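Descriptive structure summary
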Amino acid sequence: MRLTATLILLMAWCCAGYRVLVVFPLPGGKSHNILGEGVVRHLLAAGHDVTYITGVPSKLSAPKLRQVDVSANQRIFKPEDYCDIDKILSQGKEIVVDQYTARLQLTVTNYTATHEHVQRLMLDPKEEFDLVVIEWLFNEFLVGLSTVFNCPFIWLSSLEPHGLVLSLIDEWTDPSYVPDVHSKALPPFTFAQRIRELWSIIRHKYIRWQLMSEEQVLFERAFGPAVAMRGRQLPLLEDVKYNASMILGNSHVVIGQSTKLPPSYVPIAGYHIHQDKALPENLQKIMDDAKDGVVYFSMGSLLQSTRMPETLKQGLLAMFGGLRQTVIWKLEETPENLPKNVHIESFAPQQSILAHPNCILFITHGGLLSTNEALHFAVPILGVPAFADQFQNVNRAVQKGIASQVPLSYDLPRELKVAIEEMIGNPKYREKVKELSFIYHDRRAPGAELVHWVEHVVRTRGAPHLRSPALLVPWYQKMYLDLLGLVFVLVLLSVFVVRRLLSKNIDVNDVNKKNR
Ligand SMILES: *[C@@H]1O[C@H](CO)[C@@H](O)[C@H](O)[C@H]1NC(C)=O
């Protein structure tokens, strides 16, 4: 009798879901919320209770899902001001993402933490969580949530592993062969590139240092009351920042590069891929009937193609109209004079389109989700990068032989045409992408990996065994600059002593001479 009761209790304990708080506060930009939804979906499927703080409330609904809407963040972060095709074209260069981003992201995260819905959650003493999963967005402000709920946290990093995130759990990457988060350069670096990569680190550190005291003040204001209410003291942001149990990264070595990673970094790229819906009937027919193949063109959700200059749009339409292939263009509105072989889709189901065997080319801005999906479904990439990490992603894909690149300019239609014809005519891209796609799939399922590590962190109370001792060692000690300093002092000292001795000797000689 007692045994069965214990067994039942044990089963209830082991199979009860954990309460996980998932935080993806970026509004507007759909891609970040595709990543957020992926996390939510896998955790729900594994039977956990999920509270989802989101800038783009999801259509998902489940008894164990609760959403905390922070879409009001849109008031301070308007994606279209940030990456406007028109602006990029007229400025003739990409938008530099640095100091501006750091401040912008601090504003977004602070706004999220002080949002009334989030404050209500934190100030309710009945609310408890076993774990927080936070998307890392150029600052660490939201770690306050783990302090409030007194539970471990995991970073979800949307990009390839880079120094800014790895230094939170281990140490900065080596700038002599690992490019900075938004760098266009790929190793092996030239001398000038190596200097530039080193300079990026110094710049990042300076930008972060500049914001530090302001961040601390906002941190106390946002999380202090809730922590005090729960009878604890708020530690310094600088201390909580480096307390993550691990990082789950939207990366895969075949897309990025083989980089030294600590055991607390686990790559899970592709976990968001989820072909739940078949193609809509009309699209299915269009793709089935495309005997010369389908070219799929999408510049992502952040870059609104409706804001593309009219001349460029007409130029692209005319060029696409001249192709033998069928073209599916993801555009928010249907332009006039649409050629027969061009189809406009405002909500193109990208994964299902790429999955269709007739899809032979993907023209993309090169966001990491798009390059991942291209690799997953083995479709070669024609990259038109516009900002942030897209240059690096496309450069890498080109280096690996699965892509070509065309710059975003008013000359786009002409240059695209040349590249499309070359890529469709040359089988090497398709062969290479098939080969890399095989490597991409030859691993444990990324969704299962995600669930496993989330549960592992909860079961081991924050996975302290994964914690890197590198976090305890200051940078000058890692570079042995203290030893170098000591050697320098010793050398100086011995030079000084030898000089003194020599000069004494000379004095003695002089005296001897005089005496004679
Ligand atoms: C760091 O995390 C551990 C485990 O979750 C927790 O016990 C500790 O209080 C945290 N420390 C800080 C400074 O947040």
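Everything here concerns the structure above.
Residues numbered from 1 in each chain as written. Predicted model: local features only at pLDDT ≥ 70, side-chain atom pairs only at ≥ 80, totals over all residues. Heavy atoms only, no water.

Structural notes on the overall build of the protein
Broken down by element type, the protein carries 20 helices and 13 strands. Expressed as a percentage of the 516 residues in the protein, the buried residues total 52%. When contacts within the protein are restricted to residue pairs at least 6 apart in sequence, long-range pairs at least 24 apart make up 66% of them. With the model as given, the accessible surface of the protein reaches about 25300 Å², and the carbon-plus-sulfur share is 58%. (Helix = DSSP H or I, 4+ residues; strand = E, 2+ residues; numbered from the N terminus. Buried < 20%, exposed > 50% of the residue type's maximum accessible area, 1.4 Å probe, protein only. Contact = heavy atoms within 4.5 Å. Areas by Shrake-Rupley, 256 points an atom, 1.4 Å probe, with all protein chains shown as cover.)

Digging into the packing of aromatic side chains
Scanning the entire structure with this criterion turns up 12 aromatic pairs. Among the aromatic residues, ring-to-ring pairing joins Phe141, Phe219 and Phe223 into one connected group. Here the basic side chain of Lys184 rests over the ring of Phe391, its NZ or CZ set 4.4 Å away from the ring centre. Between Arg443 and the ring centre of Tyr440, over which it is positioned, the NZ or CZ distance is 4.5 Å. (Phe/Tyr/Trp six-rings, centres within 6.5 Å; stacked < 30°, edge-to-face > 60°. Lys NZ or Arg CZ within 6 Å of the ring centre and 35° of its normal.)

What about the pattern of salt bridges?
The full count for this structure, using the stated rule, is 18 salt bridges. For Arg19, the salt bridge identified is with Asp130, shortest N-O distance 3.0 Å. Highlighted residues: Arg19 in strand S1 (residues 19-24) and Asp130 in the loop between helix H6 (116-123) and strand S4 (131-135), separated in sequence by 111 residues. Accessibility expressed as a relative area gives 34% for Arg19, which makes it partly exposed. The salt bridge involving Arg444 is made with Glu449; its shortest N-O contact spans 3.0 Å. Several salt bridges share partner residues, and in doing so they unite Glu140, Arg208, Glu238 and Lys241 into one network. (Salt bridge = Lys/Arg side-chain N within 4 Å of Asp/Glu carboxyl O.)

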